[in-house]
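Okay, here's what each chain looks like letter by letter:
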Amino acid sequence: MTRHLLTLDSLGRDGILVNLELAIHLKSIKGMARDTLAGGRVGLIFDKPSTRTRVSFEAAAWGLGMLPITLRPDELQLGRGETIADTARVLSRYLTALVIRTFDQSRVEELARYATIPIINALTDDHHPCQALADVMTLQEEFGDTAGLRVAFIGDGNNVCHSLIQAAGHLGFTLAISTPDGFEPNAAIVEAARANCLVNGGAIEIGHDVRAAAADADAVYTDVWASMGQEKEREERARIFAGYCVTPELMALAKPRAIFLHCLPAHRGDEVLDEVIDGPQSRVWDEAENRWYTEQALLYVLITGEECWERMG
Ligand code: CP
Ligand code: NVA
């Protein structure tokens with residue numbers, strides 16, 4: 001059966017742990033993967049802008065010996081009415097894996113239904129599983145283990161938050177979410193993660209009080225107030241989210257050795273102040289770097305179907 005990454009739940013606890021272990025190994029050997037997947041071809045479709053995801057996936061594919069092929073959406077026949085199903089069938093004949101960033105989660109799921117190669121969700125309106133892998137890797141590097149941590153998420157309960165919720169459920173950490181009223185995460189995603197927390201530990205807390213979320217946290221995480229595709233709402237959201245900024249005062253409520261995380265890109269002065277993102281507690285550049293390692297690991301595991309990696313490094 002072809003393995004895909006549609007949401008973080010596609011990997012499950014064991015898949016996430018394998019990805020983490022392999023990514024940390026790859027970082028320790030400086031990402032040298034010795035052309036492990038030589039001859040492979042990775043297609044990349046980005047319906048939304050990207051700096052980190054696109055470059056880290058292209059670099060990851062190249063590092064594993066594969067050819068990254070960026071497919072501009074306006075150059076594909078998809079834009080002229082070819083169906084997702086037919087696109088999936090055809091691209092499966094040329095490619096070894098397909099990475100896609102798009103709007104509706106249903107598009108990624110439809111591709112996966114018809115593709116015979118791994119489909120990797122590089123962000124939709126509802127999920128950002130690749131980001132969550134790098135986030136948990138960064139937590140693991142800092143604290144040695146993610147189980148039992150308390151991570152505060154301040155901001156919009158959408159894609160990045162949803163993938164962190166799934167991570168918390170599988171790895172057993174507490175995600176204390178604080179959003180403005182009406183911007184809470186999807187209830188079904190929360191419920192499923194809470195069921196996983198019953199087995200793995202941790203909890204999903206949801207509220208509106210940023211101070212309560214940040215109190216005693218090991219990490220404070222935030223994301224932009226207006227996501228890609230919501231540009232028209234930017235001014236209105238700036239008003240609604242005004243109290244949801246990570247300031248030095250908010251960081252002071254967290255544990256003394258707490259770290260600050262952000263998926264990036266950051267809108268400095270909105271969801272985070274310069275003093276925090278540029279301060280000693282910030283790990284955002286390591287977090288961005290970790291995308292490269294987690295994506296190499298992900299490509300390797302999804303393409304080979306192997307859960308060990310003797311051939312690497
Ligand atoms: N964090 C993240 O996905 O960044 P990009 O939008 O630049 O890919
Ligand atoms: N929530 C943000 C994440 C960017 C990586 C967005 O969707 O734009």
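A few points on the structure. Only a predicted model underlies this, so the values are computations on that prediction, with no experimental measurement involved.

Each value, and the rule that gives it
- Residues numbered from 1 in each chain as written.
- Chains lettered and ligands numbered in written order.
- Predicted model: local features only at pLDDT ≥ 70, side-chain atom pairs only at ≥ 80, totals over all residues.
- Heavy atoms only, no water.
- Near = heavy atom within 4 Å.
- Polar contact = N/O pair within 3.5 Å; in protein donor to acceptor, adjacent residues only side chain to side chain.
- Areas by Shrake-Rupley, 256 points an atom, 1.4 Å probe, with all protein chains shown as cover.
- Nonpolar A, V, L, I, M, F, W, Y, C, P; charged D, E, K, R; others polar.
- Helix = DSSP H or I, 4+ residues; strand = E, 2+ residues; numbered from the N terminus.
- Contact = heavy atoms within 4.5 Å.
- Buried < 20%, exposed > 50% of the residue type's maximum accessible area, 1.4 Å probe, protein only.
- Pairing = 2+ DSSP bridges.
- Right-handed = clockwise from strand over helix to strand, strands pointing away.
- Salt bridge = Lys/Arg side-chain N within 4 Å of Asp/Glu carboxyl O.
- Expected span 1.5 Å × (residues − 1).
- Core = buried A, V, L, I, M, F, W, Y, C linked by side-chain atoms within 4.5 Å.
- Axes fitted to C-alpha atoms, helices over the stretch in contact; angles between N-to-C directions.

Close to ligand 1 lie S50, T51, R52, T53, R101, H128, Q131, C263, L264 and R291, which account for all nearby residues. Here S50 contributes a side-chain N or O atom positioned 2.6 Å from an oxygen atom of ligand 1. L264 has a polar backbone atom sitting 2.8 Å from a nitrogen atom of ligand 1. Protein chains shield 97% of the accessible area of ligand 1, which is 260 Å² for the free molecule. The class makeup of the residues in the shell around ligand 1 is two nonpolar, five polar and three charged.

On to the site of ligand 2. Every residue near ligand 2 is listed here: L123, H128, N159, V160, D223, V224, S227, M228 and L264. Within the side chain of D223, one N or O atom sits 2.6 Å away from a nitrogen atom of ligand 2. Within the side chain of S227, a nitrogen or oxygen atom sits 2.7 Å from a nitrogen atom of ligand 2. Looking at side-chain class alone, the shell around ligand 2 contains five nonpolar, three polar and one charged residues.

Here we take up the environment of A258. Tracing the chain through its elements places A258 in the loop between α10 (248–251) and β9 (259–262). It is 24 Å that separates the C-alpha atoms of A258 and E184, two residues lying 74 residues apart in sequence. Residues in contact with A258, not counting those within four places in the same chain, are A217, D218, A219, M251 and Q281.

Before going further, it helps to examine unusual backbone geometry. The peptide bond linking L264 to P265 adopts the cis configuration, its omega dihedral lying at 5°. Residue placement: P265 occurs in the loop between β9 and α11 (274–277). Positive phi, close to 120°, is recorded for L123, a residue that is not glycine. Residue placement: L123 occurs in the loop between β4 (119–121) and α5 (129–143). A residue is classified by how much of its surface remains accessible, and L123, at 5% relative accessible area, is buried.

For the rest of this paragraph, the subject is the pairing of strand β7 (residues 203–207). Across five bridges, strand β6 (residues 174–178) lies against β7 in parallel orientation. Within β7, the residue paired with L175 across the bridge is I204. The parallel pair β6 and β7, bridged by helix α7 (residues 187–200), forms a crossover whose chirality is right-handed.

Turning next to the pattern of salt bridges. Enumeration over the complete set of coordinates arrives at 17 salt bridges. Notably, a salt bridge pairs D47 with R107, separated by 3.9 Å at the nearest N-O pair. Of this pair, D47 sits in the loop between β1 (41–46) and α2 (52–63) while R107 sits in helix α4 (residues 105–114), and the two are 60 residues apart along the sequence. Given the relative accessible area of 29%, R107 is considered partly exposed. In this structure, R291 engages E295 in a salt bridge whose closest nitrogen and oxygen atoms are separated by 3.0 Å.

What follows is about helix α1 (residues 12–28). Its 17 residues give α1 an end-to-end C-alpha distance of 24 Å, which sits within 8% of 24 Å, the value for a rise of 1.5 Å per residue. Where α1 is concerned, the buried positions are G12, G15, I16, V18, N19, L20, L22, A23 and L26. Here the buried face of α1 lies against α5, α6 (159–171) and α12 (284–304). Just past α1, the residue K30 takes up positive phi, approximately 60°.

Residues I120, I165, F173, L175, I204, L298 and L299 are the most contacted members of the largest nonpolar core, which totals 58 residues. Leave out the neighbours within four places in its chain, and F173 touches V136, T146, G148, L149, V151, L164, A167, A168, G201, G202 and A203.

A word on the sheet that holds β1. Strand order across the open sheet formed by four strands is β2-β1-β3-β4, with parallel pairing between neighbours. Each end of this open sheet is capped by a strand with a single partner; those strands are β2 (67–71) and β4. If you compare each strand with its neighbour and ignore which way they point, the axes differ by 20° on average. Here five bridges tie β1 to strand β3 (residues 97–101), and the two strands are oriented parallel to one another.

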